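# Reading the structure
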Amino acid sequence: MKALTLSLALSLVLASCGKTTKSNSTNEPVPETSHTTQEEAQPAFTNKGHELIYNMTQKVGDYNQLRSKNDVVYTYTYQTPDGKTDIVTEKYIFDGELSYGKYVQHERTLPEYEGILEQGYDGTEYWMKHNGELVTDAKLLKAVKFNRPTNFYWFTMMQKLMDDGVIYEHIGEQTIANKNYDVVKISFESDDTVATDIYQVYINKETQLIDQFLFTVADFGVIDTPFLMTLAYENIDGILLPTQRAYKKSDWNAIVTDQPAIKVTWSDITFNTNLSTDVFKK
């Protein structure tokens, strides 16, 4: 998935279950992690923005380090300001980007369907089940085709910002709440027939972490007025993950509206669970 997209009305697919490894939290300076054995070779940088993103991945853990974990299981909780909540067990295998989600609570996503909802991607096919029965509705399957790669991308976004086809532009420096940031615009190569998303990431000069980022949702026509996502990190088995997330409407100067935020939490994160590929098959 070249560009990260977020399902607004559909809701971001939620997430997963597992055993937690305790961690550092918030955006305070984080102790260095050992990345010597799994580091990717340093690329030839196209510009300062590219170098800043690379340095960020060395701080949080690059994709080779993430892939060395083989798989992950975690709980994704998504809550809107009115209190409606989705709770999903998310499971991924990193090689092949296999993805599975089990909605154990879905007050935002298809609340009219009582019971358990499951979604999966086995590397070839997307599928959905309701209480164990396959769903064939084309509209619902289209949503699954959006949600599965979107949720996977959100979890791996920091690493995947070094994917091929990403365009970087360092657009300046900015001070917000007494913290100094490098601001990098992220866009994606395309054939101009399909709109892709734009991100504007704020890299904390002290920690080298992305504390917040602006993003569009091109798939839903959200382009001119972005959302601002704020992040707080935890160190899970040597990988820094933005497990506490909140977003609301903003402008391109990162000035948000006064409306309450949508909150997203990743919890009970466990790597290397020895998932079988059968989990992802319908």
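Notes on the structure follow.

### A word on the overall build of the protein
Tallying secondary structure elements over the protein gives three helices and 14 strands in all. Counting all 282 residues of the protein, 51% fall into the buried class.

### Points about the packing of aromatic side chains
Applying the stated criterion across every chain, the model contains 22 aromatic pairs. For the pair Y181 and Y202, a centre-to-centre distance of 6.2 Å together with 85 degrees between the ring planes defines the contact as edge-to-face. One end of the pair, Y181, is in strand β9 (residues 179-188); the other, Y202, is in strand β10 (residues 199-204), and 21 residues separate them in sequence. Relative to Y199, the ring of F188 lies with its centre 5.7 Å away and its plane at 90 degrees, an arrangement referred to as edge-to-face. Within this pair, whereas F188 is found in strand β9, its partner Y199 is found in strand β10, the two being separated by 11 residues in sequence. Residue F188 is classed as buried on the basis of its relative accessible area, which comes to 5%. On the basis of relative accessibility, which here comes to 1%, the residue Y199 falls in the buried class.

### Overview of the pattern of salt bridges
Following the criterion strictly, the structure yields eight salt bridges and no others. In this structure, the salt-bridge partner of D95 is R67, at a minimum N-O distance of 3.9 Å. Residue D95 is found in the loop between β3 (85-93) and β4 (98-106), and its partner R67 is found in helix α2 (residues 63-67); the two are separated by 28 residues along the sequence. The exposed category is assigned to D95, whose relative accessible area is 51%. When its relative accessible area of 30% is taken as the criterion, R67 is described as partly exposed. Between R148 and E90 there is a salt bridge, and its shortest N-O distance comes to 2.8 Å. Of this pair, R148 sits in helix α3 (residues 138-160) while E90 sits in strand β3, and the two are 58 residues apart along the sequence. In this structure R148 comes out as buried when scored by relative accessible area, which is 1%.

### Let's talk about α3
The sharpest bend along α3 comes to roughly 55 degrees, located at W154. Among the 23 residues that make up α3, 18 are buried, leaving the element largely enclosed by the rest of the structure. Regarding α3, its N-cap is D137, as a side-chain oxygen of that residue lies 2.9 Å from the backbone nitrogen of K139 further along.

### Some words on the nonpolar core
By size, the foremost hydrophobic cluster in this structure holds 48 residues, and its most contacted members are I53, I186, I210, F213 and F271. Looking at this core, the element that brings in the most residues is α3, giving six residues. Dropping the residues within four chain positions of it, F271 is found in contact with L66, K69, D71, V72, F94, F155, I236, D237, I239 and L241. In terms of nonpolar packing, the next biggest core, distinct from the first, is built from eight residues, Y103, L117, M128 and V144 among them.

### What about the pairing of β4?
Here eight bridges tie β3 to β4, and the two strands are oriented antiparallel to one another. Directly across from I93, in β4, lies its bridge partner L98. As paired elements, β4 and strand β5 (residues 117-121) share five bridges and run antiparallel to each other. Its bridge partner lying in β5, Y103 is registered against L117.

### Regarding unusual backbone geometry
Phi at N70 takes a positive value of approximately 70 degrees, unusual for a residue other than glycine. Within the secondary structure, N70 sits in the loop between α2 and β2 (71-79). Phi angles above zero are rare outside glycine, and N178 is one such case at about 65 degrees. Structurally, N178 can be placed in the loop between β8 (166-176) and β9.

The rules behind each value
- Residues numbered from 1 in each chain as written.
- Predicted model: local features only at pLDDT ≥ 70, side-chain atom pairs only at ≥ 80, totals over all residues.
- Heavy atoms only, no water.
- Helix = DSSP H or I, 4+ residues; strand = E, 2+ residues; numbered from the N terminus.
- Buried < 20%, exposed > 50% of the residue type's maximum accessible area, 1.4 Å probe, protein only.
- Phe/Tyr/Trp six-rings, centres within 6.5 Å; stacked < 30°, edge-to-face > 60°.
- Salt bridge = Lys/Arg side-chain N within 4 Å of Asp/Glu carboxyl O.
- Bend = angle between axes of the 7 residues up to and from the residue.
- Polar contact = N/O pair within 3.5 Å; in protein donor to acceptor, adjacent residues only side chain to side chain.
- Core = buried A, V, L, I, M, F, W, Y, C linked by side-chain atoms within 4.5 Å.
- Contact = heavy atoms within 4.5 Å.
- Pairing = 2+ DSSP bridges.

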